[in-house]
Amino acid sequence: MSLKVSKYAASIAALLMLSAIANGQKPESEPFGKTKDGTAVEVYTLKSSKGLVAKIMTRGATLTELHLPDKDGTIADCILGWDDVAGYESEDNQYFGCTTGRVCNRIAKGKFTLDGKEYTLAINNDLNHLHGGVEKSLDKVVWTAKTWGGEKASGVTFTYKSPDGEEGYPGNLTVSVTYSVPRDKNNLSISYKATTDQATPVNLTNHAYFNLSGAGSKTVLNHALLVNAESYTPNDETLIPTGKIESVEGTDLDFRKFTRIAKRVKNFDEKPEIGYDHNFVLKPKPEGKKMVFAAALRDAKSGRQMRIMTSEPGIQFYSGNFLKGQVGKDGKTYAHRSALCLETQHFPDSINHENFPTTVLKPGEEFTSQSVYQFSTFVPRKNAGKAKGKKSESKNDEK
Ligand code: BGC
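Structural notes, computed from the coordinates. The model shown is predicted, which means the values in this text are computed figures rather than measured ones.

1. Details of the site of the ligand
In the vicinity of the ligand, 13 residues are found, and the nearest of them are Arg-106, His-207, Tyr-209, Asp-277 and Glu-343. Separating an oxygen atom of the ligand from a side-chain N or O atom of Tyr-209 is a distance of 2.9 Å. One of the side-chain N or O atoms of Gln-316 is found 3.3 Å from an oxygen atom in the ligand. For the ligand, the protein covers 95% of the area, taking 310 Å² as the surface of the free molecule.

2. Quick word on the pairing of strand E11 (residues 144-149)
With six bridges connecting them, E11 and strand E12 (residues 153-162) associate as antiparallel partners. Within E12, the position partnered with Thr-147 by the bridge is Val-156.

3. Overview of the pattern of salt bridges
Summed over the entire model, instances satisfying the criterion amount to ten salt bridges. Here Glu-118 makes a salt bridge to Lys-111, at a shortest N to O gap of 3.9 Å. Its relative accessible area of 33% is what places Lys-111 among the partly exposed residues. Ionic pairing is found between Arg-256 and Glu-230, a salt bridge with its closest N-O pair at 2.8 Å. Separated by 26 residues along the polypeptide, Arg-256 in the loop between strand E19 (246-247) and strand E20 (259-260) and Glu-230 in strand E18 (residues 229-233) bring together distant segments of the chain. A relative accessible area of 28% places Arg-256 in the partly exposed class. Through salt bridges with shared partners, a single ionic network connects Glu-230, Glu-249, Asp-254, Arg-256 and Lys-283.

4. A word on the side chain of His-129
One can find His-129 in strand E10 (residues 129-130). A polar contact is formed between the side chain of His-129 and the backbone oxygen of Ala-122, at a distance of 2.8 Å. A distance of 2.8 Å separates a polar atom in the side chain of His-129 from a polar atom in the side chain of Tyr-169. Dropping the residues within four chain positions of it, His-129 is found in contact with Asn-105, Arg-106, Ile-107, Gly-110, Leu-121, Ala-122, Ile-123, Asn-124 and Tyr-169.

5. With respect to the sheet that holds strand E4 (residues 62-69)
With antiparallel pairing, the five strands of this open sheet are ordered in space as E1-E2-E3-E4-E5. In this open sheet, the two edge strands, each paired with only one partner strand, are strand E1 (28-34) and strand E5 (75-77). Ignoring strand direction, the axes of neighbouring strands in this sheet form an average angle of 20 degrees. Judged from the five bridges that link them, strand E2 (residues 40-47) and strand E3 (residues 53-57) form a sheet pairing that is antiparallel. Bridge pairing in E3 links Val-43 to Met-57.

6. Some remarks on the state of the cysteines
For the structure shown, the criterion picks out zero disulfides. No disulfide involves Cys-341; its nearest neighbouring cysteine sulfur is the one of Cys-98, lying 9.1 Å away. Residue class for Cys-341 comes out buried when judged on its relative accessible area of 0%.

7. Describing unusual backbone geometry
Following Gly-101, the chain continues into Arg-102 via a peptide bond in cis, with omega recorded as 10 degrees. Mapped onto the elements, Arg-102 comes out in the loop between strand E6 (99-100) and strand E7 (106-107). Positive phi is not limited to glycine here, since Ala-61 has a value of about 40 degrees. Looking at the secondary structure, you find Ala-61 in the loop between E3 and E4. Backbone geometry places Glu-167, a non-glycine residue, at a positive phi of 55 degrees. Checked against the element boundaries, Glu-167 lands in the loop between E12 and strand E13 (173-182). According to the relative accessible area criterion, Glu-167 is buried, its value standing at 16%.

Parameters and conventions
Residues numbered from 1 in each chain as written. Predicted model: local features only at pLDDT ≥ 70, side-chain atom pairs only at ≥ 80, totals over all residues. Heavy atoms only, no water. Near = heavy atom within 4 Å. Polar contact = N/O pair within 3.5 Å; in protein donor to acceptor, adjacent residues only side chain to side chain. Areas by Shrake-Rupley, 256 points an atom, 1.4 Å probe, with all protein chains shown as cover. Pairing = 2+ DSSP bridges. Helix = DSSP H or I, 4+ residues; strand = E, 2+ residues; numbered from the N terminus. Salt bridge = Lys/Arg side-chain N within 4 Å of Asp/Glu carboxyl O. Buried < 20%, exposed > 50% of the residue type's maximum accessible area, 1.4 Å probe, protein only. Contact = heavy atoms within 4.5 Å. Axes fitted to C-alpha atoms, helices over the stretch in contact; angles between N-to-C directions. Disulfide = S-S within 2.5 Å.

In structure tokens:
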């Protein structure tokens, strides 16, 4: 009898498990600590069946960890971050992994005019406004989270209501960012939505710092990068676009073929950017498609690679020039150029350049944006002969 009961219980348990898989499980959450003002922060975990684990916390809707398998299946966390909220609140945090806005990157002198009214924002970067402001930029506020789990993917949607006038921006803005991971692929999708009750500029991105050898590895200079851009927006000496759109042809910004970052980065040492810190103008989206291939990054040491698809017209390649040896997760040191950002976005300072795609969101409209980060592995050329069934480094090879 007891055997019968336990058999029955076991089959019920198996059925429940199958139905949980079919219905999809929601991401789990756990406490991550408290902000200085005592607000509780939660962190959510998304997983694929292929080894990707992403953690995102409610402060700043910030990607805090991104674990990825290498060519041998060894998992490492490949983005910079901190072990606790205090780290993220410290001066050493240079926007690690956060949702950046209301307007990412720079607005010249923190000023813009909209519908005949001039607005003044905080100056927090030399003469300019950077990444949405000082106290209540989107990276510093605590968002509310809602999880979901479907048959094919699961995710978490973070929402924040930014009141009219916050950080100097007009309009009550409701903004949400959804992180999701499909069950059977190492992809991370980040999509944004926003609505407003007054015209206001909006430009949102994620500010993850990647090192595909694992966060805390010495450098990203040996990573090879490809950017699907024929042109870029040159900067003035304060890193504000001049308004021109110039061809990458014959410049150190030509990444139309995979090129090691080390190859030309030194040519920027004496320039205002002190490294790569440029907005690339992506090729237009193919007809009928919501996203375009934006960039790919390869690390021959680990065999990890990333492809970025986006609905955005631009991507900022920032080579971690201001990283200063701060000590982050697990006591690892983040040295100069030990990680890089690839920030999908509208062009910097668009609100002051009529020839750039507009960043103005009006009442009754919905802002939408999506980027998908696709992770996989490849067999670096020197090992290519040894491994079977894995793609070798052949197409679009490094220069
Ligand atoms: C900017 C850099 C800036 C960095 C801050 C990047 O998006 O382009 O100029 O220093 O963010 O962490």
